[in-house]
Protein chains: 2
Amino acid sequence: MWYYNQLTKTLNVQYPIIQAGMAGSTTPELVASVSNKGALGTIGAGYMSAEKLEEEIQSVQSLTSKPFGVNLFVPGHNDYSPQQVEHMNAWLKPYRRALNLEEPTVNITEEQQFMNAIDIVIKHQVPACCFTFGIPEQNIIKKLKQANIILVGTATTVEEAVENERAGMDVVVAQGSEAGGHRGSFLPHPQQQQALIGTMSLVPQMVDHVSIPVVAAGGIMDGRGIVASLVLGAQGVQMGTAFLTAKESGANSVVKQTILNSVETDTVVTNVFSGKFARGVNNDFVKEMNQYDGEILPYPVQNQLTNSIRKSAASNGNKEWTHIWSGQSPRLATAQHVDQLMDNLVKQVKDLVGIMA
Amino acid sequence: MWYYNQLTKTLNVQYPIIQAGMAGSTTPELVASVSNKGALGTIGAGYMSAEKLEEEIQSVQSLTSKPFGVNLFVPGHNDYSPQQVEHMNAWLKPYRRALNLEEPTVNITEEQQFMNAIDIVIKHQVPACCFTFGIPEQNIIKKLKQANIILVGTATTVEEAVENERAGMDVVVAQGSEAGGHRGSFLPHPQQQQALIGTMSLVPQMVDHVSIPVVAAGGIMDGRGIVASLVLGAQGVQMGTAFLTAKESGANSVVKQTILNSVETDTVVTNVFSGKFARGVNNDFVKEMNQYDGEILPYPVQNQLTNSIRKSAASNGNKEWTHIWSGQSPRLATAQHVDQLMDNLVKQVKDLVGIMA
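Bear in mind that the values here come from a model prediction, so they are computed numbers and not experimental data.

**What to know about helix α13 (residues 301-315) of chain B**
Residues and elements named next belong to chain B. Over its 15 residues, α13 extends 22 Å from the first C-alpha to the last, a length consistent with the 21 Å expected when each residue adds 1.5 Å. In the structure, α13 departs most strongly from a straight axis at Asn307, where the bend amounts to approximately 45°. For α13, the set of buried residues is Val301, Gln302, Asn303, Leu305, Thr306, Ile309, Arg310, Ser312, Ala313 and Ala314. The secondary structure elements touched by the buried residues of α13 are α4 (82-99), α11 (253-260) and α12 (284-289). One or two steps after α13, the chain reaches Gly317, where phi turns positive at roughly 75°.

**Overview of the confidence of the model for chain A**
Confidence along chain A averages 96 in pLDDT terms, with 99% of residues attaining 70 or more. In the predicted assembly, ipTM is 0.97 and pTM is 0.97.

**A closer look at unusual backbone geometry**
Cis geometry is adopted by the peptide bond preceding Pro300(A), which originates at Tyr299(A) and carries an omega value of 0°. With respect to the helices and strands, the residue Pro300(A) is situated in the loop between α12 (284-289) and α13 (301-315). Residues other than glycine seldom take positive phi values, yet Asn100(B) does so here, at roughly 65°. Mapped onto the elements of the fold, Asn100(B) is located in the loop between α4 and α5 (110-123). Here Phe133(B), not a glycine, exhibits a phi torsion of approximately 75°, which is positive. Secondary-structure assignment places Phe133(B) in the loop between β4 (128-132) and α6 (138-146).

**Digging into the relation of the copies chain B and chain A**
At an RMSD of 0.0 Å, chain B and chain A line up after a rotation of 180° and a shift of 0.0 Å along the axis. The symmetry that links the two subunits is that of a two-fold axis.

**Points about the packing of helix α9 (residues 223-231) of chain A against helix α14 (residues 338-356) of chain A**
All names here are of chain A. At a minimum axis distance of 8 Å, the contact between α9 and α14 shows a crossing angle of 55°. Between α9 and α14, the crossing angle belongs to the class labelled oblique. The element α9 and its partner α14 pack so that their crossing is right-handed. Listed contacts from α14 to Gly223, Arg224, Ile226 and Val227 of α9 are Leu345, Gln348, Val349, Leu352 and Val353.

**Some words on the interface of chain B and chain A**
Across the boundary between the two partners, chain B contributes 45 residues, which contact 45 residues of chain A. The junction of chain B with chain A conceals about 3,700 Å² of combined surface from both sides, 60% of it contributed by carbon and sulfur atoms. The three residues of chain B that bury the most area against chain A are Met200(B), Val231(B) and Met356(B), which together make up 20% of that side's buried surface. Inspection of the region where chain B meets chain A yields two salt bridges. Ionic pairing is found between Asp208(B) and Arg224(A), a salt bridge with its closest N-O pair at 2.9 Å. Put simply, the parts of the chain that give the side of chain B that touches chain A at least two residues each are α7 (158-167), α8 (199-207), α9 (223-232), β10 (267-270) and α14 (338-356) of chain B. With seven residues, α9(B) is the largest single contributor of residues to the side of chain B that touches chain A. Across the side of chain B that touches chain A, the residue classes tally to 19 nonpolar, 19 polar and seven charged.

**Some words on the side chain of Thr64(A)**
Residue and element names in this part refer to chain A. Examined against the element boundaries, Thr64 turns out to sit in the loop between α3 (50-63) and β3 (68-73). On the basis of relative accessible area, Thr64 is assigned to the buried category, the value being 8%. A distance of 2.6 Å separates a polar atom in the side chain of Thr64 from a polar atom in the side chain of Asn36. Residues in contact with Thr64, not counting those within four places in the same chain, are Ala32, Ser35 and Asn36.

**Side note on the sheet that holds strand β8 (residues 214-217) of chain A**
All names here are of chain A. Spatially, β1-β9-β8-β6-β5-β4-β3-β2 is the arrangement adopted by the eight strands of the open sheet, whose pairing is parallel. Both outer strands of the open sheet, β1 (17-19) and β2 (41-44), are each paired with one neighbouring strand and no more. Looking at each pair of strands side by side, their axes are set apart by 25° on average, direction ignored. Pairing between β2 and β3: four bridges, direction parallel. Across the sheet, the residue bridging to Thr42 is Gly69, located in β3. Against the sheet, helix α5 (residues 110-123) makes contact with β3 and β4 (128-132), and its axis sits at roughly 165° relative to β3, the strand it touches most.

Calculation rules
- Residues numbered from 1 in each chain as written.
- Chains lettered and ligands numbered in written order.
- Predicted model: local features only at pLDDT ≥ 70, side-chain atom pairs only at ≥ 80, totals over all residues.
- Heavy atoms only, no water.
- Helix = DSSP H or I, 4+ residues; strand = E, 2+ residues; numbered from the N terminus.
- Expected span 1.5 Å × (residues − 1).
- Bend = angle between axes of the 7 residues up to and from the residue.
- Buried < 20%, exposed > 50% of the residue type's maximum accessible area, 1.4 Å probe, protein only.
- Contact = heavy atoms within 4.5 Å.
- pLDDT = per-residue confidence, 0-100.
- Least-squares fit on C-alpha atoms with pLDDT ≥ 70 in both.
- Axes fitted to C-alpha atoms, helices over the stretch in contact; angles between N-to-C directions.
- Parallel < 35°, antiparallel > 145°, perpendicular 65-115°, else oblique.
- Left-handed = near helix turned anticlockwise from the far one by under 90°.
- Buried area = accessible area lost by both parts, 1.4 Å probe.
- Salt bridge = Lys/Arg side-chain N within 4 Å of Asp/Glu carboxyl O.
- Nonpolar A, V, L, I, M, F, W, Y, C, P; charged D, E, K, R; others polar.
- Polar contact = N/O pair within 3.5 Å; in protein donor to acceptor, adjacent residues only side chain to side chain.
- Pairing = 2+ DSSP bridges.

Written out as structure tokens, the structure reads:
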């Protein structure tokens, strides 16, 4: 059977499909629906407070008894000066004025938030904990392992995958350049730029260098992408954009509609929204902020400074001033319920495997 | 059978594998060996004079009776001023001085060279003619079709593939962002930058929008990449880097060795060598010339200005001052004879198809 392998055994799921933990866009309904259909739903907890995370976990647990995950952002270092914040606030003023918004106060609580999240994940016995932007320290990994929580890391290069395996991750996601949303890169790139390795290149090279199951991510939207990933040596796939436009996703309707109307050439990789590089649909905010290229603040400062602008724009139906994360396959996006989407994926895979035979 | 489809029927080959027409690096031995093993060998004629092309075709024909192709660069417009050439010559002076080289004279004969090549292809009844950088005009397409020559176009976006089909191409290559060497892009990109769509995203979206066979290219180095491409809906693959390091390839040994020693993060997309964007291993020449970003001349002017520097550096074993085209999967490159490489590819595909069954 195409779905019986080390990954499904490790995650204790039927199908080797992970719904990406899209911070800010998952709902308990989305996560539970995915898990109930035999894949791994994931709470995108990157921006969540302890209270919110606890609430979300309990909601998911009330909707499913199947395994699910929580995706967390590993805190990093962020050097910045009050002067830089002042500059950025000046550039953002026109947007705030147009939307009638106050200037926010920067408040970095990343580290504490992350530690709280780990404790909550353990307390509520969340089956899987996924990490983006790096690898947590050994004491955290040990704590989670003692609680029998499965650990899923993210890597954008072979070297990052090797580091994930060495640190004790049970599974590693190979995030190809096609992927929408934040790039999970955490090691310095030799070319002083982003590591943007296509999924077709990344997966086989990564598979050859680690022993833990590799999960392919980036551009995968249907049965073709799933089977292709398995053929490349991945044991499963992680899909973001495909679930972001699902009925149960928490993404704003202007975000969903924009993705559904986009084509493969519409996305760019930009750090202007959050301070970390991410792939999304190009728009006026990106183009205008690109003028201040050297002045973009590190995550999470830039994220906090642009947050209310993006939220307000999205709720006003303004797709030009909010982040619209999408991978490079928006032509394959659909507006289905998770149940339909999952049924279709499984059927497509079955048919394709049948043809290959 | 995995290899019996519209593409192999159209090209009249046994296996749906095209050896990319790598300008400057193919030899009659490489092309004929590939064709003799049942795939489509291709003469990389992008830079060849009429005499050289005629000689190469005759050499290939003396070594094989199987179908092969010729890859041509479709001429474009190139606006530049003598002042710009003067500037570029100033930036290139240190390299020329170090290598003891004269300043070349710019001599644009693209259009004439292309027309001559078409006539030669027809005269010698070359079975397939492949195009990079665009689509030839209708009178040329008609002439080739009347001579029963199979036409293969290159596309880096869905729109470019649709244009290829509309113009009468029999086959279109989907060149993903992972691909080494020149980007075949020819339509203006909406984001004012390069269209770099990963193979995993590009192939299924392209397949959904054209009826002619799609050939996947970019990051494909072994049986895994071939089967994955077929699963995505391609009818075959085009492989460049995999054949560039083969024993029969004409690439300089310093080029081959550098690719064999590279990893997936070592390549960049740059226009400093030829004036057209291409993917290759990053080196000192790229880094230094990036300072003059806005002053790079269009193809073929930049190509002519840097030509002797690159040739001289390569023959001196200097990998820092020559172009080392490579896709994003150099970890999968091998130094085999074409016969071994082809036998391994076919065996890997057979095994993989067997596992899927």
